[in-house]
Amino acid sequence: MNIQYLKIALCLVVTPVFQMTAQTKGINDLDLVVEHKIDSIIELMTVKEKVGQMVQYNGSFDVTGIPSDIDSKTKLEKLKNGEVGSMLNVLTAKATREAQQVVMENSRLKIPLLFGYDVIHGYKTMFPVPLGESASWDLEAIQLSASIAAKETAAAGVHWTFAPMIDVSRDARWGRIMEGAGEDPYLNSVIGVARINGFQGGNLDDIATIAACAKHFAGYGFAEAGRDYNTVNVGESELQNAILMPFKAASEAGVATFMNSFNEIDGVPATASSHLQRDILKGEWDYKGFMVSDWGSIAELIPHGFAKDKMQAGELAVVAGSDMDMEGRVYEEALEPLVSQSKIDETLLDAAVRRILRVKFHLGLFEDPYKYSDAKREKEVLLAPEHLVAARDIARKSIVLLKNENEVLPLKKDVKSIAVIGPLADDKDSPLGNWRAQANKNSAVSVLEGIKKAVGSATTINYAKGADLGMGERSFLMPLKINEADKSGLTEAVEAAENSEVVVMVLGEDAFQTGEGRSQTGIKLRGVQQDLLDAVSEINSNIVLILMNGRPLDLSKPNEQVSAILETWFLGSEAGNAIADVLFGAYNPSGKLPVSFPRNVGQEPLYYNQKNTGRPFSDMVTYSGYQDGSREGLFPFGYGLSYTTFEYGKLQLSAEEFSGDATIELSVEVTNTGKVAGKETIQLYIHDLFASRTRPVKELRDFRQITLEPGASKTVNFTISPKTLEFYTANKMWEAEAGEFEVMVGSNSVDLQKVTFQYKN
Ligand code: NOJ
């Protein structure tokens, strides 16, 4: 290497003259100045240094996977040599600064490290788990929560979150259903984009924003039988329309990175899929950010039976377009020999490095590699009071009222006595959910605490835990122990119920029942919770059931035993306060389910946007139903009650036909017919009756939220354009096909009015 040239190029990297401040919104808007700088850096790099940029190592601040056996001394040496481009699980302003220093002070080219972390629903301040937050259908609030999470994360020196997860998932058994926006591709798209915008802000270079990561590309949520990491088999139409739609939206929104997935699709592991990564993402969608592997997923090509050793795994993954190896230790071993033996072309490495450096430039790391690592800011920002205010607000917006017989809710604040019962009632830890980043243990407001704060001194609270649910130490890699036997607390619970006017029972799941690897074969209340509910309901039937859970549950029996049900998911730091707000009417519940709740596990995967089949349901035997039960779920997608009622006027369509790029308008008047103000989510579904590929019986394609005072009405307008109608057709492109359509509008995926129109192209 010409040493003079090296000096010049190093100047390019470190001197202010060449500082780069990315003003672009998304990663897809190329900045030519940056691209030239990247050219000159790549020109200087040895093959080893290029490979280094493609290697990500794990730190020790959190456990989010199975760490490889590399010792810390070797790791340090590799950092010094510029053989590592990124680290995950290195946290705090101090530690990130120190690690960055190792690279900046020792490596030849001084290319800053990129620090990543799973900030899934908050860093210190916890927001509702993503599935729960999605129940708000409130894109502004969701964006705000992501932006606060970004602010806290960035202040702790971390540049990049592995979120949002936008895997459409239809199976309640799959533990990771809790991490996404549920079963609908459109809802996953708009919520995914809101989260990306929240994390990345208008400018990645801002110290209050971080890079986002659309994951897992692709099909991870379709694991057979809901068993995590399991095989996926879908055809092209389903892949594009049901799975890829949110990823396309994420790419268009300029998400800085993608992560591939552990699963195979139709015989090809996603990590080695050129079709997904090269043809679709980097080809058709012209995506310019980089693709990180999932944890060790390149090495897992071997147990998949797709690669016989690390050399082949590395070759397959890099050729397929995986740019960075997360803790798989494959690229560091395989890529250099692959190049020297001419098995792969060095330009493949150049292209991957270019994408990685692009993200580092956009984050402003070349300008100041330490800019995010500021201990003073970290202290000021984490758990700032205004973050908790926002957390309470989004938490209460995420609560779904599933049942409210005889208007038992809201409770009166001067109710004489309330029994608060259940293993989760005074649990200050479970509301934090899984993937809780740096939340302090036991730091959530419990339901009991929330209720105590909300009621006056005249109300007696009779608390009884009743039973344990999860037992012992809980952590990411540890199996959860559930109390299946000890019912000794039931008597005390029954006594509490006997002596109280109203019973509030807090049941559901331990926080570690959902999340990675937390698949289940059953979805009923686990442990002795059903026994507890049986015992209490015999004594006092005036029960309000508060559910805490990360997946749809089988509520068939509890639904018959209680008067009211509030689905509260895992609501985060302010859970108890938010729940009390809804319990006592300070907030009128407005959440709507982002997933169908089945009658039993045998209905899974259950989703509203199913196909008609050649034999749509009838009472006869040879039709698509079940002989031992209903095929309809218990609570449908989009469902959620309010303390008020809304009446929908007749749907008005501006025309019954349109063509080309034209649009038509649909309007509907919505009136608050109850006694209190409330927020309604008006949902619009489309059905393409006959198409080149069969289409679902209905698909969400738009929604609006309005707040109405009692007696007030508002006309809600939707524009129907070719975009509203498009899908991935037999022509292998996203387009609207001419034909007959039904458009349905209403308050959930079942209670809908319908009108029809024709589209001609
Ligand atoms: C594996 C998970 O599948 C992925 O979502 C996560 O980001 C990584 N581990 C890193 O923790």
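All of these numbers come straight from a predicted model, not from anything done at the bench.

J.: Help me understand the site of the ligand in this model?
T.: In the vicinity of the ligand there are 13 residues, among which Thr64, Asp118, Arg176, His216 and Asp294 approach most closely. With respect to the ligand, the side chain of Thr64 contributes an N or O atom lying 2.7 Å from an oxygen atom. Residue composition of the shell around the ligand, grouped by class: 6 nonpolar, 2 polar and 5 charged.

J.: Teacher, can you tell me more about the confidence of the model for the chain here?
T.: Do not read the fine detail of predicted coordinates wherever pLDDT is low. Of all residues in the chain, 97% attain a pLDDT of 70 or more, and the chain-wide mean is 95. In this model residues 1-24 is a low-confidence stretch, pLDDT under 50, and it forms 40 contacts with partners more than four residues away in sequence or in other chains.

J.: Sorry, what's going on with the domain arrangement of the chain here?
T.: Think of interface size as the accessible area that goes away when the parts come together; that is how it is often given. What the domain assignment reports for the chain is domain 1 (3-52 + 117-326 + 340-379), domain 2 (53-116), domain 3 (400-603) and domain 4 (646-760). Once you take the C-alpha centre of each, domain 1 and domain 4 turn out to be 33 Å apart. Contacts between the two partners involve 14 residues from domain 1, matched on the other side by 14 residues from domain 4. Taken together, both faces of the contact between domain 1 and domain 4 bury some 1300 Å²; the carbon and sulfur share is 58%. Inspection of the domain 1/domain 4 interface yields 1 salt bridge. Among the salt bridges present, the one from Asp138 reaches Lys679, with a minimum N-O distance of 3.1 Å. Linking domain 1 with domain 4 are 5 residue pairs in polar contact (both at pLDDT 80 or more), by the criterion used here.

J.: When you look at unusual backbone geometry in this model, what are you seeing that I'm missing?
T.: For residues other than glycine, phi is negative in most cases, and the peptide bonds are mostly trans. Of note, the bond from Ala163 into Pro164 is cis; its omega dihedral lies within 30 degrees of zero at 10 degrees. Secondary-structure assignment places Pro164 in the loop between strand S4 (160-161) and helix H8 (185-200). Geometrically, the link from Leu409 to Pro410 is a cis peptide bond, its omega value of 0 degrees lying close to zero. The residue Ala225 is not glycine, and still its phi comes out positive at about 60 degrees.

J.: How should the packing of helix H9 (residues 236-252) against helix H10 (residues 274-284) be read in this particular structure?
T.: Running from amino to carboxyl end, H9 crosses H10 at an angle of 70 degrees, the nearest separation of the two axes being 14 Å. It follows from the interaxial angle that H9 and H10 lie roughly perpendicular. Judged by residue contacts, Glu236, Leu239, Gln240 and Leu244 of H9 engage His275, Leu276 and Ile280 from H10. The residue inventory of the contact of H9 with H10, partitioned by class, reads 4 nonpolar, 2 polar and 1 charged.

J.: Looking at this structure, how should I read the packing of aromatic side chains?
T.: The geometry of an aromatic ring pair comes down to the distance between the two centres and the angle between the two planes. This model, assessed by the stated rule, comprises 25 aromatic pairs. Centroid distance Trp137 to Phe703: 5.0 Å. Interplanar angle 75 degrees. Geometry classified as edge-to-face. You can see Trp137 sitting in the loop between helix H6 (130-134) and helix H7 (139-155) and its partner Phe703 sitting in strand S24 (residues 699-708), a full 566 residues away along the chain. Take Trp137 and Phe703: they sit in the same class, and that class is buried.

J.: Help me out: how do you make sense of the sheet that holds strand S12 (residues 417-421) in this one?
T.: Within a sheet, each strand pairs with its neighbour through backbone hydrogen bonds, oriented either parallel or antiparallel. Judged by pairing direction, the sheet is mixed, and its 6 strands sit side by side in the order S11-S18-S17-S16-S12-S13 without closing on themselves. Strands with a single pairing partner mark the edges of an open sheet, and in this sheet they are strand S11 (400-404) and strand S13 (460-464). Between one strand axis and the next, the sheet turns by 15 degrees as a mean value, whatever way the strands run. Sheet strands in contact with helix H18 (residues 529-539) are S12, strand S16 (502-508) and strand S17 (543-548), and its direction is about 170 degrees off that of S16.

J.: I tried to follow the sheet that holds strand S10 (residues 325-326) on my own but got confused; where do I start?
T.: Strand order in the open sheet formed by 5 strands is S4-S3-S2-S1-S10, and the pairing between neighbours is parallel. At either end of the open sheet lies a strand with only one pairing partner, and these are S4 and S10. Across 2 bridges, the pairing between strand S1 (residues 55-58) and S10 is parallel. Counterpart to Gln56 in the pairing with S10 is Met326.

J.: How do you make sense of the environment of Thr707 when you look at a structure like this?
T.: With respect to the helices and strands, Thr707 occurs in strand S24. Between the C-alpha atoms of Thr707 and Asp628, which are 79 residues apart in sequence, the distance is 42 Å. With sequence-adjacent residues up to four places away left out, Thr707 is seen in contact with Gly678 and Lys679.

J.: How should I be thinking about a nonpolar patch on the surface in this particular structure?
T.: Together, Val63, Ile66 and Leu477 give the surface a local cluster of nonpolar side chains, amounting to about 300 Å² of exposed area. Tracing the chain through its elements places Ile66 in the loop between S1 and helix H4 (72-80). Taking relative accessible area as the criterion, Ile66 reaches 66% and is therefore assigned exposed.

What counts and what doesn't
- Residues numbered from 1 in each chain as written.
- Predicted model: local features only at pLDDT ≥ 70, side-chain atom pairs only at ≥ 80, totals over all residues.
- Heavy atoms only, no water.
- Near = heavy atom within 4 Å.
- Polar contact = N/O pair within 3.5 Å; in protein donor to acceptor, adjacent residues only side chain to side chain.
- Nonpolar A, V, L, I, M, F, W, Y, C, P; charged D, E, K, R; others polar.
- pLDDT = per-residue confidence, 0-100.
- Contact = heavy atoms within 4.5 Å.
- Domains from an automatic or database assignment.
- Buried area = accessible area lost by both parts, 1.4 Å probe.
- Salt bridge = Lys/Arg side-chain N within 4 Å of Asp/Glu carboxyl O.
- Helix = DSSP H or I, 4+ residues; strand = E, 2+ residues; numbered from the N terminus.
- Axes fitted to C-alpha atoms, helices over the stretch in contact; angles between N-to-C directions.
- Parallel < 35°, antiparallel > 145°, perpendicular 65-115°, else oblique.
- Phe/Tyr/Trp six-rings, centres within 6.5 Å; stacked < 30°, edge-to-face > 60°.
- Buried < 20%, exposed > 50% of the residue type's maximum accessible area, 1.4 Å probe, protein only.
- Pairing = 2+ DSSP bridges.
- Patch = residues over 30% accessible without salt bridge, like charges linked within 9 Å, V, L, I, M, F, W, Y side chains within 5 Å.
- Areas by Shrake-Rupley, 256 points an atom, 1.4 Å probe, with all protein chains shown as cover.

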